[in-house]
Amino acid sequence: MSAQSATITSLPAPVSLAKTETLPGLSPGKQERGQHLLHLSQIFNALAYACLADHVLTLYALKLGAGALYVGFLSSLVHLTMFLGVLGKRIAEKRGPVYVYGISWMLRYLFAGLMALAPFAAVRFGVQAGLAVLLMGALLFFSFRAIGNNANTLIVARIAAPYQRGHLVATQFTIFYIGSVLILLAFGLLLGRSAPLWRFQAFIVFGVLMGAISGFIALRIPEIVEPKAQKPVTLRQMYTLFAHTPALRNFLFSGMITRAVVAAAIPFLVVSMRLGAGWSEDRILLLVIFLSLGNVLASFFNRMYLDRLGARPMMILYVMCLCVALFAWVLTPGTSIVYIALNFLLFGLVSPGFTSAQVPYLFNWVRPREQYAASLFSEIAMGFAAFNGAFIGGVLISKFQSAMPAGLTPFRWYFGMLAVLALAAVLLTQRLSRSRDRRLREVLNIFFSPRDLMALFYLSNLASRLTEEEEVEALDRIGELGSQLSEKELLEGLASPRLVVRGDALHALRSVPPTPAIARALMDEVQSHEFTTAYLAADLLGVYGVREAIPLLRASLRSEDLFLQSKAILALGRMRDEDSYPALLQIFRSTDNPRLLIHSMNAFGFFGKTESIKEILQRLPEFETTTVRGEAFLSLADLCGTGEEFYSDYKAYLLDPNIGASILLDLAEKQRAPLRRQAAVEIARAYSLDAATFKAALLSFCRAVSCEPRMQEILRAFEEYLRDEKQALEQELRFCLAYYCLAMGLREE
């Protein structure tokens, strides 16, 4: 049995895991404007951040004379300052998250300008003074980032619907890392094998300018302020919530260990190649570009897949990538640049992929008014773990370098320890509670299915607001692919107020495997959209075999909507509902409407009753239109079990009625039994003679055929019809009756 004809069992409707709560929201227009402004702000933020932080900052510090311990502490500042998000939360409760985000973003980049002064301090007061100025500038930069960062998370929650948040977060990451790649490429072109410090300073100044513009644009995002009557959610309440909710507790622990391993690994990739392998800055920058390309790929994957597949399986996959990357680093065969570049690419998938997947997962488990506090609490906890990972990582590498030979050996041991911790992270992440997501095995199957991957590509286009024409085009493309991943968007298409959009969604659903959610939506469509698209839904209920819809379809037999009535007839026939057969038969006997007649006869074919043959033959003289008569002959062929072969020969007959005798003669000569073959040939000869001679030849053949009981009943029905002298056998009817009998004779041999 095909997937579409399988009967669907009843399942409970899906429910939201987050507690229902309503907060004042923005109109769709303001949400869209907010998203555009946030994306524009992120473009400038990406250009700025790439000039001031991460691997460029590490290379800058190494250029000034820093060691592994200093780099570890410098890298940990982004996590150490997370607790300052509490200050941002308090300001946001009074002024709104947009104000906090915009102002803190402008200040973070302005204070980052201090880092450009580090070389001057080093020349005038010594290397340690220069490193101290760099540390102070980085501390202020990351402090104001911590103040505004969680406000960004709340803005995302307010300017995007729940089903769009994963898409929006991933888009933000995509913009960010594409901008980073562009800056790194420009930096690589200007860097050379050993760039002077003034080039680093020039990039820092450029980054400060871009960051200030980013903050200014962010301030133009529509503000969202919660009602003053509501008491702010405290971090103490969040501690209690996380401690007593297993899903949130597991989320926190898995995030802490994963973030700690990532923070302990990625900053020291550059250090290992600079201090361990002795590579030049331009070669290392090439590796950093591959790392950033991995960031872009992860953001692109999440943009397409996160909202459709769920956060949990994506987080598991990213932690598995981290584990593989660490073990691959331990087993590095020499210093092959291709192997190491691919390893950097794999590392690049982890941090943005895992972090952006955490946001929608967390929001599924907390109420809207708790989202800011929950995000802040989790970021502080995970930031503390990441700080320890980065700082302790720097200490361990310094110890290993002192105790082991120079080169990559200390780093291999270090990354080997992290690989073991990554295995524990994989186990913890797998224990996360499922939250509106798919199973990991199902996700892996999707990744190896080109059809599903293409469906996800088109589905990502439906995350934004579309015109009617764009939505229809997207639904058509999704329906053509026939992927079950498109179910959610096609069901949303049924909610459209536009008739053509609902119709297209229903047509597209024909290509999607049936689910209980689809069945419920189709039944609602039948009840709510009579005279418009209800008939399309009724037809699909029959195709899918939704037996729960039988009472609804029976009621639709009395509808004044002839389209709905006809599709209800056919749907009940598809499901072979015996209790509905008398009602279908009564409609066939009493109606003269061509649509109802045709659908009734098509439904009879599913029941396979000999009685239906008699009913059709009895009404046949009343059918004046060629369309209804043609459908009657095809339905009779189906009831006789000869529908497939009859269709092609009947089509040829309609194109040229003169070949009717030849077709019948071919069938006659295929009869094996001599007596039956002789009787069959007589039919072909009598076909063009008078009606009495033809009737006699056909009756003779029917008596010569010995067959199983049901077919014998059909032949007796034909004999009864032929003996009725009132029946005038015109040429087309002769051809069809003769064909049915001869074809049934062949089936019995």
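The shown structure was predicted, so the numbers you read here are calculated from the model rather than taken from an experiment.

Some points on the overall build of the chain
Piece 1. Within the chain one finds 36 helices and 0 strands.
Piece 2. Within the span of the chain, comprising 749 residues, buried residues form 56% of the whole.
Piece 3. Of all intrachain contacts in the chain linking residues separated by at least 6 positions in sequence, the fraction that spans at least 24 positions is 79%.
Piece 4. Counting every atom, the chain has about 31,900 Å² of accessible surface; 60% of that belongs to carbon and sulfur.

A word on helix α29 (residues 610–619)
Piece 1. Buried residues dominate α29, accounting for 7 of its 10 residues.
Piece 2. All of the buried residues in α29 are Thr610, Ser612, Ile613, Glu615, Ile616, Leu617 and Arg619.
Piece 3. Contacts from the buried residues of α29 go to α27 (581–590), α28 (594–607), α30 (626–640), α35 (709–723) and α36 (731–747).

A short note on the packing of helix α12 (residues 267–276) against helix α17 (residues 409–430)
Piece 1. At a minimum axis separation of 10 Å, α12 and α17 run at an interaxial angle of 160 degrees. The angle between α12 and α17 places the two elements in the roughly antiparallel class. The crossing of α12 and α17 is left-handed. Contact residues: α12 offers Phe268, Leu269, Val271, Ser272 and Gly276, while α17 offers Phe411, Tyr414 and Phe415.
Piece 2. Broken down by class, the residue content of the contact of α12 with α17 amounts to 6 nonpolar, 2 polar and no charged.

A few points about the pattern of salt bridges
Piece 1. All told, the structure shown has 12 salt bridges when counted by the stated rule.
Piece 2. Notably, a salt bridge pairs Arg554 with Asp579, separated by 3.9 Å at the nearest N-O pair. With Arg554 in helix α25 (residues 550–556) and Asp579 in the loop between α26 (562–574) and α27, this pair connects stretches of sequence that are 25 residues apart.
Piece 3. Given a relative accessible area of 30%, Arg554 falls into the partly exposed group.
Piece 4. Across the salt bridge formed by Asp592 and Arg619, the nearest N and O atoms sit 2.9 Å from each other. In this pair, Asp592 is assigned in the loop between α27 and α28 and Arg619 in helix α29, connecting sequence segments 27 residues apart.
Piece 5. Linked by salt bridges that have partners in common, Arg554, Asp577 and Asp579 make up one network.

What to know about the confidence of the model for the chain
Note that predicted coordinates carrying low pLDDT should not be read in detail.
Piece 1. With 85% of its residues at a pLDDT of 70 or more, the chain has an overall mean of 81.
Piece 2. Here helix α20 (residues 468–481) stands out as the element of the chain with the lowest mean pLDDT, 57, in contrast to α25, whose mean of 95 is the highest.
Piece 3. Per-residue pLDDT stays below 50 along residues 1–24; that stretch engages in 55 contacts with residues further than four places along the chain or on separate chains.

As for a nonpolar patch on the surface
Piece 1. A cluster of nonpolar side chains, Leu69, Phe391 and Ile392, forms an exposed patch at the surface whose accessible area comes to about 240 Å².
Piece 2. Looking at the secondary structure, you find Ile392 in helix α16 (residues 371–403).

A word on the packing of helix α2 (residues 54–64) against α12
Piece 1. Relative to each other, α2 and α12 sit at 40 degrees, their axes nearing to 9 Å. Put simply, α2 runs oblique to α12. At the point where α2 passes α12, the crossing takes the right-handed sense. In contact with His55, Thr58, Leu59 and Leu62 of α2, α12 contributes Pro267, Val270, Val271 and Arg274.
Piece 2. Class assignment of the residues belonging to the contact of α2 with α12 gives a composition of 5 nonpolar, 2 polar and 1 charged.

What about helix α14 (residues 311–330)?
Piece 1. In a regular helix each residue adds 1.5 Å, so 20 residues correspond to 28 Å; α14 covers 29 Å between its end C-alpha atoms and thus fits that length.
Piece 2. Within α14, 15 of the 20 residues are buried, which leaves the element mostly enclosed by the surrounding structure.

Points about the nonpolar core
Piece 1. Residues Leu134, Phe142, Phe242, Leu326, Phe347 and Phe415 are the most contacted members of the largest nonpolar core, which totals 138 residues.
Piece 2. Listed in part, the 95 residues of the second largest apolar core include Ala505, Ala632, Ala679 and Met744.

What to know about the environment of Gly34
Piece 1. For Gly34, the position within the fold is in helix α1 (residues 28–52).
Piece 2. Taking relative accessible area as the criterion, Gly34 reaches 0% and is therefore assigned buried.
Piece 3. Each C-alpha atom, one on Gly34 and one on Ala218, is 9.0 Å from the other, the two residues being 184 residues apart in sequence.
Piece 4. If we skip the residues at most four places from it in the chain, Gly34 touches Ile159, Ile221 and Pro222.

Remarks on the packing of aromatic side chains
For any pair of aromatic rings, the description consists of the separation of the ring centres together with the inter-plane angle of the planes.
Piece 1. Applying the stated criterion to the full structure yields 28 aromatic pairs.
Piece 2. Between Phe73 and Phe391, the ring centres sit 5.9 Å apart and the planes meet at 75 degrees, which makes this aromatic pair edge-to-face. Of this pair, Phe73 sits in helix α3 (residues 68–80) while Phe391 sits in helix α16, and the two are 318 residues apart along the sequence.
Piece 3. A relative accessible area of 25% means that Phe73 is categorised as partly exposed.
Piece 4. Ring centres 5.0 Å apart and planes at 45 degrees place the aromatic pair Phe242 and Phe377 in the tilted group. You can see Phe242 sitting in helix α10 (residues 235–244) and its partner Phe377 sitting in helix α16, a full 135 residues away along the chain.

Rules behind the numbers
- Every chain is numbered on its own, with residues counted from 1 as its sequence reads.
- Totals for whole chains, interfaces and linings use every residue, but because this is a predicted model, local features are given only for residues with pLDDT of at least 70 and side-chain atom pairs only at 80 or more, for both listing and counting.
- Here the side-chain values reflect all heavy atoms present in the structure, with hydrogen atoms and water set aside.
- Only DSSP runs of H or I reaching four residues or more are called helices, and only runs of E reaching two or more are called strands; each is numbered from the N terminus.
- Partly exposed residues are those whose accessible area sits between 20% and 50% of the maximum for their type, while under 20% is buried and over 50% is exposed, using a 1.4 Å probe and protein chains only.
- The contact definition used throughout considers only heavy atoms, calling two residues in contact when any of these lie within 4.5 Å.
- Working definition of accessibility: Shrake-Rupley area with a 1.4 Å probe, residue cover restricted to the visible protein chains.
- Every axis in this analysis is a line fitted to C-alpha atoms, fitted for helices over the stretch in contact. Angles between the N-to-C directions lie between 0 and 180 degrees.
- The scheme is simple: roughly parallel for angles under 35 degrees, roughly antiparallel for over 145, roughly perpendicular for 65 to 115, oblique for anything else.
- Take the far helix as the reference: if the near one is turned anticlockwise from it by less than a right angle, the crossing is left-handed, and if turned clockwise, right-handed.
- The classification used treats Ala, Val, Leu, Ile, Met, Phe, Trp, Tyr, Cys and Pro as nonpolar, Asp, Glu, Lys and Arg as charged, and all other residues, Gly among them, as polar.
- Salt bridge, as used here, is a side-chain nitrogen of Lys or Arg placed within 4 Å of a carboxyl oxygen of Asp or Glu.
- Every residue carries a pLDDT, the predictor's confidence in it, which falls somewhere between 0 and 100.
- Like-charged residues within 9 Å of one another, or nonpolar side chains (Val, Leu, Ile, Met, Phe, Trp, Tyr) within 5 Å, are grouped into patches, provided each residue has over 30% relative accessible area and no salt bridge.
- By this rule, a helix spans an expected 1.5 Å times one less than how many residues it contains.
- Nonpolar cores were defined as sets of buried Ala, Val, Leu, Ile, Met, Phe, Trp, Tyr and Cys residues, with membership established by side-chain atoms within 4.5 Å.
- Each aromatic pair joins two rings of Phe, Tyr and Trp (for Trp, the six-membered one) with centres within 6.5 Å, and gets the label stacked for planes under 30 degrees apart, edge-to-face for over 60, and tilted for any other angle.

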